[in-house]
Amino acid sequence: MKKPVFLICVLLVSAVIIFSGCVSEYEVTEPPKTTPQPEETSTTTVTPTPTQTVDPIKLLSNPWSWSSRVRIKDVSISDDGDYVGGVSTQKAIIKTPERNLLTNLVWSRGQFISVSSSGEYIGIADNDFVILYDNTGGKLHSYNTGGTINQIGVLDDGNLIQGGEKSPQLSAVGVKGNEVWNWEPGISTAKVLVFDYSADGQNMLVGTQDDRVYYLNTESKYMYIWFKDVSGEVEDVKMSDDGEKLYVLTDDNKIHSFDKYGNKNWEKEIDINTVEIEISPDGNYILTKPYNAADSFSFKNKVYLLDQNGNVKWMKQMGSDAGVIGISDDSEYVVISEGRDLRMYNLDGDERATYHLESQYGMFFVCLDMTPDVSKMALGTTNSLLVFG
């Protein structure tokens with residue numbers, strides 16, 4: 001007697017599945033109205049990957065160094081730390097486990113370098129060109145953007161993303177030098193100032209010169225999902241690895257928090273001139289970098305650590321300029337440079353280790369990148385590339 005009831009249930013479930021498939025073909029730009037139900041728990045036993053323990057004191061000891069004689073403008077490191085890149089105006093280096101690459105080349109106006117997370121690809125921005133190499137130093141392509149480049153990023157599939165001031169202001173170039181996609185802001189004169197993307201490269205947060213931020217999905221037909229007008233020129237943008245948490249810093253020293261649907265969570269004004277933010281990969285913490293633009297003796301070099309709700313977890317007032325900032329993958333460590341000193345703190349703000357920059361390695365720190373577990377760090381100074389770990 002229960003079979004007819006079972007058959008009706010099957011038909012109802014099938015109808016729901018078919019209807020759901022139709023709906024999924026359309027983009028959703030609003031949050032779901034109902035609370036998602038938890039997925040069924042798998043009974044498969046998963047063996048966790050051992051986490052490497054970092055000794056901060058040992059890490060900040062005896063770095064490998066390469067002299068560029070001039071300021072290192074940008075650094076980048078693969079997730080495993082095996083491939084490290086640094087670029088100055090006319091010289092660049094890719095440090096690999098076997099040898100150093102690209103050191104014999106002279107650039108016209110080197111600006112940016114990006115190593116893919118896997119370490120398989122390396123991109124360099126030189127003047128109006130973006131050049132892609134493999135991790136043996138083989139040149140894959142050189143692409144002319146036709147204008148000033150403000151940022152680059154290389155994905156694990158070899159797609160090189162560039163954002164700049166010439167149409168198309170944002171584009172991705174494939175391994176063969178073909179344009180995979182391009183996007184232009186609604187206003188033709190707008191310039192792409194900064195961008196960030198999710199770990200899979202599918203979602204992007206883009207800041208433009210017209211005081212706007214755009215949320216893009218590179219796999220959708222038109223890419224554009226939504227935009228927001230913010231209170232000032234965009235200084236920096238950050239997106240969590242899953243693309244769920246979005247943060248925007250504007251030149252009026254305000255941090256704006258959005259979700260992926262464009263809903264504003266909060267806005268917080270920092271009480272000093274702030275030019276950069278870094279976030280933990282999960283987006284749960286935000287670190288701020290102050291800048292004494294007027295070179296005033298009364299300026300207070302305050303570095304704030306905020307939680308995802310905009311609450312101040314702690315603040316540190318530095319005795320001199322803050323140069324570089326960073327947060328490790330699990331938020332266990334926070335890295336801040338103060339003049340010649342590079343310091344590691346735990347999440348509570350307790351100092352764990354310090355490295356003092358000797359004069360032969362430069363006057364101060366300029367740029368930083370590190371592996372997710374902070375077992376290796378790449379830092380550029382006024383005349384050297386340093387690799388810790």
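It should be emphasised that the depicted structure is a prediction, and the values quoted were computed from it without experimental measurement.

In this section: the overall build of the chain. Summing up its helical and strand segments, the chain has two helices and 32 strands in all. Expressed as a percentage of the 389 residues in the chain, the buried residues total 49%. By sequence separation, contacts in the chain at least 24 residues apart represent 43% of the contacts at least 6 residues apart. Element-wise, carbon and sulfur atoms account for 48% of the exposed surface of the chain, whose accessible area totals about 19,600 Å².

The grouping of Asp 79, Asp 80, Glu 120, Asp 156, Asp 157, Asp 241, Asp 242, Asp 282, Asp 329, Asp 330 and Glu 332 at the surface amounts to a negative patch. Its location among the elements puts Asp 156 in the loop between strand E10 (149–154) and strand E11 (160–164).

Here we have four strands laid out as an open sheet, ordered E6-E7-E8-E9, and antiparallel in their pairing. Each edge of the open sheet is held by one strand with a lone partner, namely strand E6 (110–115) and strand E9 (139–144). Here the strands of the sheet are splayed against their neighbours by 15° on average, with no regard to which way each runs. Relative to strand E8 (residues 129–134), strand E7 (residues 121–126) runs antiparallel, the two sharing six bridges. In the strand pairing of E8, Ile 124 is matched with Ile 131.

Judged by nonpolar contacts, the single largest core of 19 residues is most densely connected at Leu 60, Leu 342, Met 377 and Phe 388. Of all the secondary structure elements, the ones that give two or more residues to this core are strand E27 (333–338), strand E28 (341–346), strand E29 (351–356), strand E30 (365–370), strand E31 (377–381) and strand E32 (384–388). Per element, the largest residue contribution to this core is three residues, and it comes from E30. Setting aside anything within four residues of it in sequence, one finds Met 377 in contact with Leu 59, Leu 60, Ile 77, Val 335, Leu 342, Leu 368, Asp 369, Met 370, Leu 386, Val 387 and Phe 388.

Let us now look at the sheet that holds strand E12 (residues 170–173). Read from one edge of the open sheet, four strands run E10-E11-E12-E13, paired in antiparallel fashion. Across the chains shown, the open sheet's two edge strands, defined by having one partner strand only, are E10 and strand E13 (179–183). Along the sheet, successive strands turn relative to each other by an average axial angle of 15°, direction set aside.

Turning next to the pairing of E9. Both E8 and E9 contribute to a ladder of five bridges, which runs antiparallel. In the strand pairing of E9, Phe 129 is matched with Asn 144.

Within the structure shown, the criterion is met by 10 aromatic pairs. Between Tyr 247 and Trp 266 the ring centres are 6.1 Å apart and the planes differ by 45°, which places this aromatic pair in the tilted class. Here Tyr 247, found in strand E19 (residues 245–250), pairs with Trp 266, found in strand E21 (residues 264–269); they are 19 residues apart in sequence, far enough to count as distant. Per residue, the accessibility class of Tyr 247 equals that of Trp 266, and both read buried. Among the aromatic residues, those joined into a cluster by ring pairs are Trp 183, Tyr 214, Tyr 224 and Phe 227. Taking the ring centre of Trp 64 as reference, the NZ or CZ of Lys 95 above it sits at 5.2 Å. Over the aromatic face of Trp 314 sits the side chain of Lys 316, whose NZ or CZ is 5.2 Å from the ring centroid.

What follows covers the environment of Thr 382. Residue placement: Thr 382 occurs in the loop between E31 and E32. With relative accessibility at 16%, the residue Thr 382 sits in the buried group. In sequence terms Thr 382 and Val 70 are 312 residues apart; their C-alpha atoms lie 5.9 Å from each other. When neighbours within four sequence positions are excluded, Thr 382 is seen to be in contact with Val 70, Arg 71, Gly 362, Met 363, Phe 364 and Val 366.

Cut-offs used in this document
Residues numbered from 1 in each chain as written. Predicted model: local features only at pLDDT ≥ 70, side-chain atom pairs only at ≥ 80, totals over all residues. Heavy atoms only, no water. Helix = DSSP H or I, 4+ residues; strand = E, 2+ residues; numbered from the N terminus. Buried < 20%, exposed > 50% of the residue type's maximum accessible area, 1.4 Å probe, protein only. Contact = heavy atoms within 4.5 Å. Areas by Shrake-Rupley, 256 points an atom, 1.4 Å probe, with all protein chains shown as cover. Patch = residues over 30% accessible without salt bridge, like charges linked within 9 Å, V, L, I, M, F, W, Y side chains within 5 Å. Salt bridge = Lys/Arg side-chain N within 4 Å of Asp/Glu carboxyl O. Lys, Arg positive; Asp, Glu negative; His and termini not counted. Charge placed at Lys NZ, Arg CZ, Asp CG, Glu CD. Pairing = 2+ DSSP bridges. Axes fitted to C-alpha atoms, helices over the stretch in contact; angles between N-to-C directions. Core = buried A, V, L, I, M, F, W, Y, C linked by side-chain atoms within 4.5 Å. Phe/Tyr/Trp six-rings, centres within 6.5 Å; stacked < 30°, edge-to-face > 60°. Lys NZ or Arg CZ within 6 Å of the ring centre and 35° of its normal.

The analysis is restricted to geometry; functional conclusions fall outside its scope.
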